[in-house]
Amino acid sequence: MKFSSEILKAGEIVRVSGQFFTLRDNSVKKLVDILKSGGKIPLDLSGAYAFFAAPTPGFSESRASIGPTTSARMAGFIPYLLDCGVKGFVGKGAIPEDAVAALSAHGGLYFQALGGVGAYYGSRVSDIRPLMFEELGPEAVFLVDVADFPLVISIDSDGGIFF
Amino acid sequence: MRIVDGAEIVSAVRRLFIEINYEPESLCGVSFADDSMGSFERTLAAVLQENIEKSASERRPLCQDCGVAQLFVKVGKNLSFSGAPSLEKLLNRGVEEAYSEGLLRKSTVIDPFERKNEGKNLPAFIHWELCDGDKLEIYGIAKGGGSENVSAQKMLVPAVGRDGVADFVFETLRNAGGKGCPPYFVGVGVGGTFDSVAALAKKALLEQVSEDNELLEMINKKIRNLGFGVLGFPGICPVKAVYVKKAPTHIAMMPAAVALNCHSFRVGKVIL
């Protein structure tokens, strides 16, 4: 993942370019169940960035929209995913204390994407492709490549917090 | 008896739900920037504005959450229709076509526990009202899970009066924070019954009216300094507009409902 500034400080807006994998209500539980049972997934989690989101269809028509969903609903899985090597999370809103503590312990990052500006973010996506759980429709795990994607740094690797 | 061609109803609903997700009249001329905003909030407000422009010009849905499809329908008693055994079937067909051809996200799951998504964004969630005459009036609203999840209703007591209702609106907004993507368009319903007051709050959003200016003024006064702004970040007030509807109610009741709508205010109407 590339960032527009070298130092990532909570409270600042940073533009990112790189790849996310999406996760949300239905998919996060299925993914974690596979991992906990020792199953393999087609994704290397170490250094990966998770985006709590579900895109609209229409990527191949260059008309997709994407944006964050409320992180608090998935925050219970953050500590485990950090243990699996995930480096950062993007979502919307504050996350509970135990997720904040786990992020601090790992030097992990939490970003907030701006809520509801699906078209704005959609135009900054260069690729969306489904990776796992396609039967979940929009809740599948997608790989999303982005360029110049503005995010608010909400928790930085020094434990700084901005909600 | 006036007979409307079923195909016309389907295509009207299809066009309505596509239009509200890309270029809703409810956002026409709306600006989110405010003189009271600091520079951070102003930056966010500019992104909201750019989002509206990009949605229209690049034909991307305003928000990735295109909602469940909710319709408020007034059916004239002298109206009939062709093309299907029920009006409900025609409305559902229109919604299905909109969400498929309109490249909208299908966010409806069939069972609240099994959570299976059938990929059609059905069923449509329909409120029916019978009226005189022979028209068919259809309001459509696309409203995502974020703002629905922070809406609230409460059975207050009559003694609390307007002040108590305004307090409840304030409390709902304070609890919502940024979770429903403010600036909010707020629909307030007062009166009716436990089930009807929530629909009343939604109708306030659809009709964008104030049926009680005294309550409106009290609400606006109380929420002026909520302490957060655009998207829940530090600011002054996260509300763009407040609408109020009221209805008769029981001598022992003061039902109140607050329907919060996010900044992507997607409401439209078609009359056949």
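Because the structure is a prediction, the values reported are computed rather than measured.

Draft legend 1. How the structure looks around the overall build of chain B. A tally of regular secondary structure across chain B gives seven helices and 10 strands. Over its C-alpha atoms chain B spans a radius of gyration of 19 Å, differing by no more than 12% from the 19 Å that the globule rule assigns to 272 residues. Overall, the C-alpha framework of chain B stretches about 55 × 50 × 40 Å when taken along its three principal axes. Each of the 272 residues in chain B was classed as buried or not, and the buried ones make up 52%. Taking contacts inside chain B between residues at least 6 apart in sequence as the whole, the part at least 24 apart equals 81%.

Draft legend 2. Quick peek at the overall build of chain A. Looking only at helices and strands, chain A features four helices and seven strands. Going residue by residue from the N terminus, the α and β elements of chain A occur as β-β-α-β-α-β-α-β-α-β-β. The C-alpha radius of gyration computed for chain A amounts to 15 Å, which stays within 12% of the reference 15 Å derived for 163 residues, consistent with globular compactness. A principal-axis box enclosing the C-alpha atoms of chain A has dimensions of 40 × 40 × 25 Å.

Draft legend 3. Just helix H6 (residues 196-207) of chain B, in detail. Residue and element names in this part refer to chain B. For H6, with 12 residues, the first-to-last C-alpha span of 16 Å sits near the 16 Å given by 1.5 Å per residue. Taken together, the buried positions of H6 are Val197, Ala199, Leu200, Ala201, Lys202, Ala204, Leu205 and Leu206. One or two positions beyond H6, positive phi appears at Gln208, with a value near 55°.

Draft legend 4. Geometry of the interface of chain A and chain B. Taken residue by residue, the interface counts 34 residues in chain A and 32 residues in chain B. Of the roughly 2,700 Å² buried between chain A and chain B on both sides combined, carbon and sulfur atoms contribute 62%. Put simply, chain A and chain B have zero salt bridges between them. Between chain A and chain B we count 16 residue pairs in polar contact (both at pLDDT 80 or more) in total. Among the elements that make up the side of chain A that touches chain B, the one with the highest residue count is helix H4 (residues 118-122) of chain A (four residues).

Draft legend 5. View of the sheet that holds strand S10 (residues 266-271) of chain B. Residues and elements named next belong to chain B. With respect to topology, four strands assemble into an open sheet ordered S4-S2-S5-S10, the strand pairing being mixed. Each edge of the sheet is formed by a strand with only one pairing partner; in this case those strands are strand S4 (125-131) and S10. Averaged over all pairs of adjacent strands, the angle between strand axes in this sheet comes to 15°, irrespective of strand direction. Each of strand S2 (68-76), strand S5 (136-143) and S10 touches helix H1 (residues 6-22); the most contacted strand, S5, lies at about 35° to it. Along the sheet, H6 makes contact with S2, S4, S5 and S10, crossing S5 at roughly 100°.

Draft legend 6. Molecular detail of the sheet that holds strand S9 (residues 254-261) of chain B. All names here are of chain B. Spatially, the four strands line up as an open sheet ordered S6-S9-S7-S8, and their pairing is mixed. Edge positions in the open sheet fall to strand S6 (152-156) and strand S8 (239-249), since each of these has one partner strand only. Taking each pair of neighbouring strands and ignoring which way they run, the sheet shows an average axis angle of 15°. Pairing between strand S7 (residues 184-192) and S8: eight bridges, direction parallel. Bridge pairing in S8 places Val190 opposite Lys246. Contacting S6, S7, S8 and S9, H6 crosses the sheet at an angle of about 135° to S7. Along the sheet, helix H7 (residues 213-222) contacts S7 and S8; its crossing angle with S8, the most-contacted strand, is approximately 140°.

Draft legend 7. View of the confidence of the model for chain B. Of the residues in chain B, 100% have a pLDDT of 70 or more, and the chain-wide mean is 96. Here the complex is predicted with pTM 0.93, and the ipTM for its interfaces comes to 0.92.

Draft legend 8. Structural view of the layout of surface pockets. Quantified by volume, the largest pocket comes out at close to 850 Å³. Lining the largest pocket are 42 residues, with Arg24 of chain A together with Asp65, Ser107, Gly144 and Gly145 of chain B positioned closest to its centre. Elements with a contribution of two residues or more to the lining of the largest pocket: S2 and helix H4 (145-148) of chain B. Take the lining of the largest pocket: its biggest share by element is four residues, from H4 of chain B. The residue makeup of the lining of the largest pocket, split by class, is 11 nonpolar, 17 polar and 14 charged.

Draft legend 9. Seen up close, empty space enclosed by the protein. Residue and element names in this part refer to chain B. Within this structure, the stated rule accounts for one cavity of 30 Å³ or more. Roughly 30 Å³ of volume is contained in the largest cavity. Val68, Gln70, Ile141, Lys143, Glu148 and Lys202 together form the lining of the largest cavity. Only S2 and S5 provide two or more residues apiece to the lining of the largest cavity. Broken down by class, the residue content of the lining of the largest cavity amounts to two nonpolar, one polar and three charged.

Draft legend 10. Structural view of the packing of H1 of chain B against helix H3 (residues 87-101) of chain B. Residues and elements named next belong to chain B. Their axes nearest at 7 Å, the elements H1 and H3 cross at an angle of 40°. Between H1 and H3, the interaxial angle falls into the category oblique. Helix-helix and strand crossings are classified by hand; for H1 and H3 the assignment is right-handed. Of the residues in H3, those in contact with Gly6, Ile9, Val10, Val13, Arg14, Phe17, Ile18 and Asn21 of H1 are Leu87, Leu90, Leu91, Arg93, Gly94, Val95, Glu97, Ala98, Tyr99 and Glu101. Residue composition of the contact of H1 with H3, grouped by class: 11 nonpolar, three polar and four charged.

Cut-offs applied
Residues numbered from 1 in each chain as written. Chains lettered and ligands numbered in written order. Predicted model: local features only at pLDDT ≥ 70, side-chain atom pairs only at ≥ 80, totals over all residues. Heavy atoms only, no water. Helix = DSSP H or I, 4+ residues; strand = E, 2+ residues; numbered from the N terminus. Rg over C-alpha atoms; globule rule 2.2 N^0.38 Å. Buried < 20%, exposed > 50% of the residue type's maximum accessible area, 1.4 Å probe, protein only. Contact = heavy atoms within 4.5 Å. Expected span 1.5 Å × (residues − 1). Buried area = accessible area lost by both parts, 1.4 Å probe. Salt bridge = Lys/Arg side-chain N within 4 Å of Asp/Glu carboxyl O. Polar contact = N/O pair within 3.5 Å; in protein donor to acceptor, adjacent residues only side chain to side chain. Pairing = 2+ DSSP bridges. Axes fitted to C-alpha atoms, helices over the stretch in contact; angles between N-to-C directions. pLDDT = per-residue confidence, 0-100. 1 Å grid on protein atoms, 1.4 Å probe; cavity = no way out; pocket = protein on both sides within 12 Å on 5 of 7 lines; lining within 4 Å. Points joined across faces, edges and corners; volume = space filled by probe spheres on them. Nonpolar A, V, L, I, M, F, W, Y, C, P; charged D, E, K, R; others polar. Parallel < 35°, antiparallel > 145°, perpendicular 65-115°, else oblique. Left-handed = near helix turned anticlockwise from the far one by under 90°.

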